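Listed below are the residues making up each chain.
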Amino acid sequence: MTSTDPSRLTTVSALFADDWVAALRRCCDEEQLDSFLRRAGLNAKDGQLTHRVTLDQIVRLYQIAAIETGDEMMGLWSRPIRARALQHLLTTVREASSPPSALHRFSTFWNLLLDDFQFELAPAGQDLSLRLVPQGDQEVQRFGHMLILKLAHGLLSWIAGYEMPVQSVDFAFERPEFSEDYAAIFPAPVRFAAQFSGIVFSPEEFRTPVPRSDADLKAFLDRAPRDWLFTGYHQHSQSRRVRDFLFQTQWTKSHLTDAALALNVTPRTLMRRLDAEDTTFQAIKDGLRRDLAISALQSGTKSIEEISQDVGFSSAANFHRAFQRWTGAPPSAYRISKL
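Anyway, here's the lowdown on the structure attached to this text. Model, not experiment: these values are computed from the prediction.

A word on the layout of surface pockets. Volume-wise, the largest pocket comes out at about 770 Å³. What lines the largest pocket is a set of 29 residues, among which Glu180, Ala183, Ser239, Glu277 and Thr279 lie closest to the centre. Of all elements in the fold, only α9 (238-248) and α12 (281-299) reach the threshold of two or more residues within the lining of the largest pocket. In terms of residues, the lining of the largest pocket owes the most to one element, α12, which gives six residues.

Here it is as structure tokens:
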């Protein structure tokens, strides 16, 4: 279909990223915040995002805000995380002799920096759980908990040389209305309203770490947070595997039976597994169409009529209606957001 990296097409809802924008207000004023959002190519009204957010926009906002606020976690924790902290973390973790050792180094590092939460690394049956334990009556910052748990997964995957499988992810907050966005981040079932936020790995999946050079470390830092936030999709949840299948095929003509055959399961089993992830084959297909359309609109190289045909609509009018339903905004708003 296309040679584009499928992870670059992924978008998350404005509400998902608004948690991060709210945290940024702790370390910059409104004028600075407006500048950050504008330079990252993000649309906002009265300090709140109005459009779905792409991976490239997340990366740009992180790289702008982490430098200019002097806080590499950009207001997500009560204490600022000073410049070069991530570099020191990578230097520490890459010396680990095993993934459990890397997780121990990860938790020890952050426990020196965080005041409001502390990491605990403990057995969870046959698995290994890394969880955040509050130190007092602390408010849970949803984006902060997501980002730091994903950083643990991203670093473990980095030293392993492949996307480390995850057994489960828990968050100590109620299920938000944008809960489906977490499926784009974590390759595992995500649960909410847990006692603690945490991520669970299986030691059976661990391999000997890959030696990482100074050049590898620099590349990881230069691309941050791209290489840890979206680590890959081949080991992802069933819904992400279906999306990846659709991306690699003539997806406009693909049906659930085609995906089931490719994933070596029966259509009924695939439907059941997708239902367990609170989604459907059609919802996944529409999500891919939406993200392909957003990417094309922001590139500015095709007309809306052409884009509507590319994503499988018989008319631009039908595409307009569907796009409005998917995003809450007309296609033209996303083309404008490129300016």
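Moving on from the model shown.
Let's shift gears to the packing of α9 against helix α11 (residues 267-276). Packed helix pairs are characterised by how far apart their axes lie and by the angle those axes make with each other. The interhelical angle for the contact between α9 and α11, taken along N-to-C directions, is 120 degrees, at an axis separation of 9 Å. With respect to each other, α9 and α11 are oriented oblique. Where α9 abuts α11, its residues Gln238, Ser239 and Val242 lie against Leu270, Arg273 and Leu274. The residue makeup of the contact of α9 with α11, split by class, is three nonpolar, two polar and one charged.

Another point: the environment of Leu147. Here Leu147 shows up in helix α6 (residues 142-160). It is 9.2 Å that separates the C-alpha atoms of Leu147 and Leu76, two residues lying 71 residues apart in sequence.

Among the structural elements, Arg290 can be located in helix α12. Each residue touching Arg290, except ones within four places of it in the same chain, is listed here: Thr11, Arg52, Phe323, Trp326 and Thr327.

Before going further, it helps to spend a moment on the packing of helix α4 (residues 85-93) against α6. Between α4 and α6, whose axes approach to 11 Å, the crossing angle comes to 45 degrees. Comparing their axes, α6 and α4 come out oblique. Between α4 and α6 lies a crossing whose hand is right-handed. Mapping the contact onto sequence places Leu86, Leu89, Leu90 and Val93 in α4 and Leu151, Leu155, Trp158 and Ile159 in α6. Of the residues belonging to the contact of α4 with α6, the class tally is eight nonpolar, no polar and no charged.

What follows deals with the environment of Ala322. On the secondary structure map, Ala322 appears in helix α14 (residues 316-327). Here the alpha-carbon distance between Ala322 and Ala160, two residues 162 residues apart in the chain, equals 41 Å.

In this section: the pattern of salt bridges. Here the structure, examined in full by the defined rule, presents 17 salt bridges. Ionic pairing is found between Arg226 and Asp56, a salt bridge with its closest N-O pair at 2.9 Å. Of this pair, Arg226 sits in helix α8 (residues 226-229) while Asp56 sits in helix α3 (residues 55-68), placing them 170 residues apart in sequence. Here Asp227 and Arg223 are joined by a salt bridge, their closest N and O atoms 2.9 Å apart. Take Asp227: its relative accessible area is 26%, and that puts it in the partly exposed class.

Attention now goes to the sheet that holds strand β7 (residues 168-170). Taken together, the five strands give an open sheet; going across it, the order is β5-β6-β9-β7-β8, and neighbouring strands pair in mixed fashion. Every interior strand has two partners, whereas the edge strands, β5 (117-124) and β8 (190-191), have only one. In this structure, β5 lies alongside strand β6 (residues 127-134), joined through eight bridges in antiparallel fashion. Across the sheet, residue Ala122 finds its bridge partner in β6, namely Ser129. Along the sheet, helix α5 (residues 99-113) makes contact with β5, β6 and β9 (197-201), crossing β5 at roughly 160 degrees.

On to the side chain of Gln57, then. Structurally, Gln57 can be placed in helix α3. The residues touching Gln57, leaving out its near neighbours within four places in the chain, are Ala40, Gly41, Leu42, Arg52 and Gln298.

As a further point, take α9. α9 sits mainly inside the fold: eight of its eleven residues count as buried. When we look at burial in α9, the residues that qualify are Gln238, Ser239, Arg240, Val242, Arg243, Phe245, Leu246 and Phe247. In the core, the buried residues of α9 are packed alongside α10 (256-262), α11 and α12.

When helix α2 (residues 30-39) is considered as a whole, its buried residues turn out to be Leu33, Ser35, Phe36 and Leu37. Structurally, α2 contributes buried residues whose contacts are with α1 (14-24), β2 (44-45), β3 (48-49) and α3. The N-terminus of α2 is capped by Asp29, whose side-chain oxygen sits 3.2 Å from the backbone nitrogen of Glu31.

Calculation rules
Residues numbered from 1 in each chain as written. Predicted model: local features only at pLDDT ≥ 70, side-chain atom pairs only at ≥ 80, totals over all residues. Heavy atoms only, no water. 1 Å grid on protein atoms, 1.4 Å probe; cavity = no way out; pocket = protein on both sides within 12 Å on 5 of 7 lines; lining within 4 Å. Points joined across faces, edges and corners; volume = space filled by probe spheres on them. Helix = DSSP H or I, 4+ residues; strand = E, 2+ residues; numbered from the N terminus. Axes fitted to C-alpha atoms, helices over the stretch in contact; angles between N-to-C directions. Parallel < 35°, antiparallel > 145°, perpendicular 65-115°, else oblique. Contact = heavy atoms within 4.5 Å. Nonpolar A, V, L, I, M, F, W, Y, C, P; charged D, E, K, R; others polar. Left-handed = near helix turned anticlockwise from the far one by under 90°. Salt bridge = Lys/Arg side-chain N within 4 Å of Asp/Glu carboxyl O. Buried < 20%, exposed > 50% of the residue type's maximum accessible area, 1.4 Å probe, protein only. Pairing = 2+ DSSP bridges. Polar contact = N/O pair within 3.5 Å; in protein donor to acceptor, adjacent residues only side chain to side chain.

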